[in-house]
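These are the residues of each chain, in order.
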Amino acid sequence: IGQAPGIHEQQTLRPFAWTAGRRLFTWFEIAGIAEREFRRSVYMTAVCRCFPGEKPKGGDRVPTKAEITNCSRWINSEFRIVKPKLVIPVGKLAIESILGRMPLAESVGQVIATTRDGRCIDVLALPHPSGASTWTHTEPGKTLLAQALDLLSHHPQWQTLKR
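Residue positions are given per chain, counted from 1 along the sequence in the order it is written. In keeping with the predicted nature of the model, local features appear solely for residues at pLDDT of at least 70, side-chain atom pairs appear and are counted solely at 80 or more, and the whole-chain, interface and lining totals rest on all residues. Side-chain calculation: all heavy atoms of the structure are included, whereas hydrogens and water are not.

1. Here we look at the side chain of R39
Which entries qualify depends on this criterion: The helix count covers DSSP runs of H or I at least four residues long, the strand count covers runs of E at least two residues long, and both are numbered beginning at the N terminus. A 3.5 Å cut-off defines polar contacts: any pair of N or O atoms within that distance qualifies, except that in protein one atom must be a possible hydrogen donor and the other a possible acceptor, and neighbouring residues in sequence count only when both atoms are side-chain atoms. Contact criterion: two residues are considered in contact whenever any of their non-hydrogen atoms come within 4.5 Å of each other.
For R39, the position within the fold is in helix α3 (residues 35–41). Here P15 takes part through its backbone oxygen, which lies 2.8 Å from a polar atom of the side chain of R39. The contacts of R39, once residues within four sequence positions are left out, are R14, P15, F16, A17, F25 and M44.

Pasting the structure below:
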């Protein structure tokens, strides 16, 4: 689960299709799955459906609470239809949409069991792969990202992709 499509994703109609996507798929390769296989096998979605626009000083604007609320019926329906056993929220907004507000240091680097629509799911949060963030290059982010990727590579649902 991502935050929202960026301008490039909106143009290519592919989630995580630009700079952050290249970094994200590098992480997934560390965990044992190449981008092509991932895109072929995994359902990808976002908290918000539309590009929210740019910030006045450049970069993508974070969706507003109203935009998130307006799009919530889509992601809620997807959970009911797809019935995931493993969810990978990418970035603070996506993590908050699944786990509620918590610091990245408390959500990244562990598998958190939660319930959604009466079903148990594992949540393995990842930081946003944006180059704008230094979190993954400093501690504790560097270590927690490595832990998350190791947990991901050994998760039973992830293992089914490797076959």
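Picking up where we left off.
2. Re the confidence of the model for the protein
Here is the rule we go by: In predicted models, pLDDT denotes the confidence assigned by the predictor to each residue on a 0 to 100 scale.
Of all residues in the protein, 99% have pLDDT values of 70 or greater, and the mean over the chain is 93. Of all secondary-structure elements in the protein, the lowest mean pLDDT belongs to helix α1 (residues 7–12), at 83, while strand β1 (residues 86–87) reaches the highest, 98.

3. Observations regarding the side chain of E9
The following threshold applies: Per-residue accessibility, obtained with a 1.4 Å probe over protein chains only, is compared with the maximum for each type, and a residue is labelled buried under 20%, exposed over 50%, and partly exposed between these values. By the counting rule applied here, Lys and Arg register as positive and Asp and Glu as negative, while His and the ends of each chain are not counted. A pairing counts as a salt bridge when a side-chain nitrogen of Lys or Arg comes within 4 Å of a carboxyl oxygen of Asp or Glu.
Note that E9 resides in helix α1. It is R39 that comes nearest to the buried, bridge-free E9 among opposite-charge side chains, at 7.0 Å. Reaching out from E9, the side chain makes a polar contact with the backbone nitrogen of A17 at a distance of 3.1 Å. Ignoring any residue separated from it by four or fewer positions in sequence, one finds E9 in contact with R14, P15, F16, A17 and W18.

4. Some thoughts on the pairing of strand β2 (residues 112–116)
What counts is decided by this rule: For two strands to be treated as a pair, DSSP must find at least two bridges joining them.
In the sheet, β2 pairs with strand β3 (residues 119–123) via five bridges, with the strands oriented antiparallel. Residue I112 lies in a different strand from β3, and its bridge partner there is V123. Here β2 hands over to β3 after two residues, with D117 in that stretch at a positive phi of 55 degrees.

5. Observations regarding the pattern of salt bridges
Counted according to the given criterion, the structure contains six salt bridges. Here R39 makes a salt bridge to E35, at a shortest N to O gap of 2.9 Å. Note that R39 and E35 are positioned in helix α3 at a spacing of four residues, about one turn of the helix. Given the relative accessible area of 27%, E35 is considered partly exposed. R101 is the partner of E96 in a salt bridge, and the nearest nitrogen-oxygen pair spans 3.6 Å.

6. Brief notes about the packing of aromatic side chains
The condition is simple: Only Phe, Tyr and Trp rings take part, Trp by its six-membered ring, and two of them pair if their centres are within 6.5 Å. Stacked means planes under 30 degrees apart, edge-to-face means over 60, and tilted covers everything else. Both a distance and an angle decide whether a charge sits over a ring: NZ of Lys or CZ of Arg must be within 6 Å of the ring centre and within 35 degrees of the ring normal.
The full count for this structure, using the stated rule, is five aromatic pairs. Taken together, a centroid distance of 4.4 Å and an interplanar angle of 15 degrees make the contact between F28 and F38 stacked. Placement of the pair is F28 in helix α2 (residues 19–30) and F38 in helix α3, with a sequence separation of 10 residues. Assigned by exposure class, F28 and F38 land together as buried. Aromatic side chains F28 and W158 sit 5.4 Å apart centroid to centroid with 50 degrees between the ring planes, which places their arrangement in the tilted category. On the criterion of sequence distance, the pair formed by F28 in helix α2 and W158 in helix α8 (residues 156–162) is long-range, its members being 130 residues apart. By relative accessible area, W158 is classed as buried at 1%. Among the aromatic residues, those joined into a ring-pair cluster are F25, F28, F38 and W158. Cation over ring: R116 sits above F79, and NZ or CZ is 4.0 Å from the ring centre.

7. Concerning the nonpolar core
Applicable threshold: Buried Ala, Val, Leu, Ile, Met, Phe, Trp, Tyr and Cys residues form a nonpolar core when they are joined through side-chain atoms within 4.5 Å.
Ranked by size, the top nonpolar core spans 38 residues in total, and within it I1, F28, L126, L152 and W158 carry the most contacts. Looking at this core, the elements with two or more residues in it are α2, α4 (65–82), β1, α5 (92–99), β3, α7 (141–154) and α8. Leave out the neighbours within four places in its chain, and W158 touches F28, A31, G32, I33, F38, L86, I88, L152 and S153.

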